[in-house]
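Architecture at a glance
One-letter residues, chain by chain:
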Amino acid sequence: MRHNLVTISRRLLGTQSLGKQTKAEPVTGDPRCSFYHQDVEIIRASGDQLREKPTDYNTLPFGHVFSDHFVNVDWSLDKGWTRPKIEPLRELSIHPAAKVLHYAAELFEGLKAYRGVDGKIRIFRPELNMARMRRTAVRASLPDFDSQELIKLIVEMLRVDKDWVPNSETASYYIRPTMIGTDPTLGVGASSEAKLFVIGGPVGPYYATGFKPVSLLADSRYIRAFPGGVGAFKMGCNYAPTIAISNNAARDQNCQQIMWLYGEDEQITEAGTMNIFALWKNKEGDLELVTPPLDSGLILPGVTRQSLLDLARLWNECKVSERPFTMRDVTDALKEGRLLQLFGAGTAAVVSPIGEIVHQQNGQFVRMKIPTMDANPNLMQRLYQTIANIQYGREQMPGWTVEC
């Protein structure tokens, strides 16, 4: 490392919000404001409730295996939050008229815990996930809560299920907080009842055999989000409509995912379910790392996105910009030899190299090779390795991890 992360990270403390809408934490102790860790009831699994743990993390698929326990807490408009529970993982029972089933009154988050080289379990930047989750709850007309109290409950769940966190420097434990509207009434309106739960389980390494660049279909006939919509929020309704496009249109062109465009000028917004970054020499000749801005409402404010920006700004070795850029900008940079790297950023992969874009132009598909894997400097690889070092305890970045 060229910089001491312990020293330079202090500049980030107090500035780690995703956007400008972070609200003050409830501190009243009133259940109408939040649930509280001090009230948690822990019911431990036993007998047939205990699940078989995987033995090979290298081949473990994402989201197929879950640990023994989950966080479960309910809310109602009249009474507020109930006493939270950490209990054996089980199926949920909801009424067929529950609002989540009819009007997609739902949100979710995704974050990870890691067993470090020192044996300690760490969660990576959970306060950023909580800030985003609370903002999404407001947008989805679901109840608010205290971020720190949910983090404490997640930590408690990990203590109970600590043996499920892989003893591996490549595998991790994926955490999925979710909130759904459960009141059994038809009719479009705010939920008067809700359930918040947190499930989790071990996941294998995203790059079991090393970085593999992906191909993306860039087709402006398909859009992921629009101004005034909910593209900036972590809601299930953003994802279901994209699946058929990825499975059909993208695969028809031998692509793994979609590069989402917006507008007549084909602004680049996201790559599949990831934020997107470009490293290039800009037209002024400066080395620049650029990603689309959040102010349009088109972009999900990703935790990994923010972490990459924070690190690049701390290193101060290139210009770091949050601004719109278009397919024309990428095409021109590629033709002029200025484009160095294009990559996605997200919780699952940290970074995902983009090796090809298939661009739909007036019904014709033009294949563009991106030199991401051959670039010098290889900023993408360095960012990936630095974040992995922090997650697994090889490097220290105060304020970026919560120890369990």
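Calculation notes
The residue numbers shown here count from 1 along each chain, following its written sequence. Only residues with pLDDT of 70 or above have their local features reported here, since the model is predicted, and side-chain atom pairs are shown and tallied only from 80 upward, although totals for entire chains, interfaces and linings are computed over all residues. Each side-chain value is worked out from all heavy atoms of the structure, with water and hydrogens disregarded. Helix numbers and strand numbers start at the N terminus; a helix is a DSSP run of H or I with at least 4 residues, a strand a run of E with at least 2. Values of the radius of gyration come from C-alpha atoms, whereas the globule rule sets the reference at 2.2 Å times the count of residues to the power 0.38. Burial classes: relative accessible area under 20% of the type maximum marks a residue as buried, over 50% as exposed, and values in between as partly exposed (1.4 Å probe, protein chains only). Contact criterion: two residues are considered in contact whenever any of their non-hydrogen atoms come within 4.5 Å of each other. The charge count treats Lys and Arg as positive and Asp and Glu as negative. His and the chain ends do not count. In plain terms, the charge of a residue is placed at NZ if it is Lys, CZ if Arg, CG if Asp and CD if Glu. UniProt positions are given in the numbering used here, feature names are shortened, and annotations may be inferred rather than shown by experiment. Inter-axis angles, ranging from 0 to 180 degrees, are taken between N-to-C directions of lines fitted to C-alpha atoms, where helices are fitted over the stretch in contact. Here the word oblique covers every angle except those under 35 degrees (roughly parallel), over 145 (roughly antiparallel) and from 65 to 115 (roughly perpendicular). Put simply, a crossing is left-handed when the front helix is turned counterclockwise from the back one by less than a right angle, and right-handed when it is turned clockwise. Residue type decides the class: Asp, Glu, Lys and Arg count as charged, Ala, Val, Leu, Ile, Met, Phe, Trp, Tyr, Cys and Pro as nonpolar, and the leftover types, Gly among them, as polar. Residues belong to a common nonpolar core when they are buried Ala, Val, Leu, Ile, Met, Phe, Trp, Tyr or Cys residues joined through side-chain atoms within 4.5 Å. In what follows, salt bridge is the name for a side-chain nitrogen of Lys or Arg lying within 4 Å of a carboxyl oxygen of Asp or Glu. N or O atoms within 3.5 Å of each other form a polar contact, as long as, within protein, one can give a hydrogen and the other can take it, and as long as residues adjacent in sequence are counted only when both atoms are side-chain atoms. Expected span of a helix: the number of residues minus one, times 1.5 Å. Classification of ring pairs uses Phe, Tyr and Trp, with its six-membered ring standing for Trp, and accepts pairs whose centres are within 6.5 Å; under 30 degrees between planes counts as stacked, over 60 as edge-to-face, and the remaining range as tilted. When DSSP locates at least two bridges between a pair of strands, those strands are taken to pair.

Structural notes on the overall build of the protein
Check the secondary structure of the protein and you find 8 helices and 19 strands. Relative to its length of 404 residues, the protein is compact, with a C-alpha radius of gyration of 22 Å against a globular reference of 22 Å. With respect to the three principal axes, the spread of C-alpha positions in the protein is 60 × 50 × 40 Å. Residues classed as buried in the protein amount to 56% of the 404 residues present. Once local pairs closer than 6 in sequence are excluded, the contacts in the protein between residues at least 24 apart make up 74%. Considering the protein, the positive charge centre built from 46 side chains and the negative charge centre built from 45 side chains are found 3 Å apart.

Some details on the UniProt feature "modified residue: N6-(pyridoxal phosphate)lysine" (unreviewed entry) in the protein
Mapped onto the present numbering, the UniProt feature "modified residue: N6-(pyridoxal phosphate)lysine" (unreviewed entry) falls on K234. Here K234 lies in the loop between β10 (214–218) and α5 (240–252). Ignoring anything within four residues of it in the chain, the contact list for K234 reads L107, F108, E109, R132, T136, Y239 and L300.

Concerning the environment of I370
You can see I370 is positioned in the loop between β18 (364–369) and α8 (379–391). Counting along the chain gives 155 residues from I370 to S215, while the straight-line C-alpha distance between them is 9.4 Å.

Examining the packing of helix α3 (residues 126–139) against helix α4 (residues 147–160)
At a minimum axis separation of 9 Å, α3 and α4 run at an interaxial angle of 125°. By the criterion of interaxial angle, the relationship of α3 to α4 is oblique. In this structure, the crossing between α3 and α4 has a hand that is right-handed. Packed against α3, whose contacting residues are P126, E127, M130, A131, M133 and R134, the element α4 presents S147, L150, I151 and I154 at the interface.

Remarks on the packing of helix α6 (residues 303–315) against α8
Close contact between α6 and α8 brings their axes to 11 Å; oriented N to C, the two are set at 110°. The angle between α6 and α8 falls in the class roughly perpendicular. Side by side, α6 and α8 meet where S307, L308, L311, A312 and W315 of the first sit next to L379, R382, L383, T386 and I387 of the second. The residue makeup of the contact of α6 with α8, split by class, is 7 nonpolar, 2 polar and 1 charged.

Observations regarding the nonpolar core
Ranked by internal contacts, the top residues of the largest apolar core, which has 37 residues, are F145, L150, I175 and L196. Breaking this core down by element, the ones donating at least two residues are β2 (69–76), β6 (111–115), β7 (121–124), α3, α4, β8 (172–181) and β9 (193–203). At 7 residues, the largest contribution of residues to this core is made by α4. Ignoring any residue separated from it by four or fewer positions in sequence, one finds L150 in contact with F35, M130, M133, F145, L196 and V198. Counting 32 residues, the second-largest nonpolar core is a separate cluster that includes Y207, L289, L311 and I387.

Brief notes about the side chain of R115
As for its placement among the helices and strands, R115 is situated in strand β6. One buried charged residue, R115, forms no salt bridge at all, with the nearest opposite charge on D163 at 5.2 Å. Polar side-chain contacts of R115 include one of 2.5 Å to the backbone oxygen of K162. For R115, the side chain forms a polar contact with the main-chain oxygen of V165, separated by 3.1 Å. Other than its neighbours up to four places away in sequence, R115 contacts K120, I121, K162, D163, V165, P166, N167, S168 and Y392.

Side note on α8
Between its terminal C-alpha atoms α8 stretches 18 Å, which fits the 18 Å expected from 13 residues at 1.5 Å a residue. Listing the buried residues of α8 in full gives L379, M380, L383, T386, I387, A388, N389, I390 and Q391. Positive phi shows up at G393, right after α8, with a value of about 80°.

Considerations on the packing of aromatic side chains
Evaluation of the coordinates by the stated rule reveals 9 aromatic pairs. Aromatic pair F35 and F145: ring centres 5.7 Å apart, planes at 20°, arrangement stacked. Of this pair, F35 sits in the loop between α1 (5–8) and β1 (41–42) while F145 sits in the loop between α3 and α4, and the two are 110 residues apart along the sequence. Overall, F35 belongs to the buried group, its relative accessible area being 1%. Look at F145 and you get buried, because its relative accessible area is 0%. Centre to centre, the rings of F124 and W400 are 6.0 Å apart; their planes meet at 80°, and the pair counts as edge-to-face. Linking F124 in strand β7 with W400 in the loop between α8 and β19 (401–403), this pair joins segments that are 276 residues apart in sequence.

So, the pairing of strand β11 (residues 257–262)
With 3 bridges joining them, β10 and β11 adopt parallel strand pairing. Counterpart to L216 in the pairing with β11 is Q257. As paired elements, β11 and strand β12 (residues 267–271) share 4 bridges and run antiparallel to each other. From the neighbouring strand, L261 faces β12, where its bridge partner is I268. Counting the residues in the hairpin turn of β11 and β12 gives 4 residues, including G263, whose phi is positive at 85°.

Remarks on the pattern of salt bridges
Tallied over the full model, the rule gives 22 salt bridges. Taking the shortest distance from any N to any O, the salt bridge between R221 and D219 comes out at 2.7 Å. Taking relative accessible area as the criterion, R221 reaches 55% and is therefore assigned exposed. Here the residues in one salt-bridge network are D118, K120, R122 and E403, joined through shared partners.

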